[in-house]
Amino acid sequence: MRHVQLIAISGSIGAALFVSIGSPLTGAGPLGLLIGVSIWAFVVWTASNCLIEMTTLLPLDGGFITFAGRFVDQSFGMALGWNVSATRWTQR
């Protein structure tokens, strides 16, 4: 269970997060920084708990795209996979 939590947390924290919200949070002062970090920690916590619940309910081979296709709809999973692969292709 700890490994799944760490995978979910590492997937939701990226370099773009730190670059995009760094200067507004430091400009807001200590209270704004505390509020912003608290809100983002809540988002990361809920996302990791959702991934853990889906993984323990139905362990599947594949990542979050497989879960999207299984729990939402096959067309949603296909669209999500297409968007992720297109994003990775443009970053090369």
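Residues numbered from 1 in each chain as written. Predicted model: local features only at pLDDT ≥ 70, side-chain atom pairs only at ≥ 80, totals over all residues. Heavy atoms only, no water.

*Asks:* What should I look at first to understand the overall build of the protein in this one?
*Replies:* Helix and strand content of the protein: five helices and zero strands. Helices and strands in the protein line up, N terminus first, as α-α-α-α-α. The proportion of buried residues among the 92 residues of the protein is 14%. Sequence separation of 24 or more characterises 32% of the internal contacts of the protein that already satisfy a separation of 6 or more. Only carbon and sulfur atoms are counted for the fraction: they give 70% of the accessible area of the protein, which is about 7,100 Å². (Helix = DSSP H or I, 4+ residues; strand = E, 2+ residues; numbered from the N terminus. Buried < 20%, exposed > 50% of the residue type's maximum accessible area, 1.4 Å probe, protein only. Contact = heavy atoms within 4.5 Å. Areas by Shrake-Rupley, 256 points an atom, 1.4 Å probe, with all protein chains shown as cover.)

*Asks:* It is not clear to me how the environment of H3 should be interpreted in this structure. Could you clarify?
*Replies:* Tracing the backbone through its elements, the reader meets H3 in helix α1 (residues 2-12). Residues H3 and I52 lie 49 residues apart in sequence; the distance between their C-alpha atoms is 9.7 Å.

*Asks:* When you look at a nonpolar patch on the surface in this model, what are you seeing that I'm missing?
*Replies:* Taken together, the side chains of L31, L34, I35, I39, W40 and V43 make up a nonpolar region of the molecular surface, amounting to roughly 570 Å² of accessible area. When you line up the elements, L34 lands in helix α3 (residues 29-57). (Patch = residues over 30% accessible without salt bridge, like charges linked within 9 Å, V, L, I, M, F, W, Y side chains within 5 Å. Salt bridge = Lys/Arg side-chain N within 4 Å of Asp/Glu carboxyl O.)

*Asks:* How do you make sense of α3 when you look at a structure like this?
*Replies:* An α-helical segment advances 3.6 residues per turn. Residues three or four places apart therefore align on the same side. With 29 residues, α3 ought to run about 42 Å at 1.5 Å a step, and its terminal C-alpha atoms sit 42 Å apart, in line with that. Looking at α3, one finds that the buried residues are V44, S48, L51 and I52. (Expected span 1.5 Å × (residues − 1).)

*Asks:* What's the story with the packing of aromatic side chains in this structure? I'm lost.
*Replies:* Each aromatic ring pair is summarised here by two numbers: the centre-to-centre distance and the angle between the ring planes. Scanning the entire structure with this criterion turns up two aromatic pairs. Ring plane angle 20° and centroid distance 6.0 Å describe the contact between F67 and F71, whose orientation is recorded as stacked. Here F67 and its partner F71 are both found in helix α4 (residues 64-71), four residues apart, which amounts to about one turn of the helix. With a relative accessible area of 6%, F67 lands in the buried category. (Phe/Tyr/Trp six-rings, centres within 6.5 Å; stacked < 30°, edge-to-face > 60°.)

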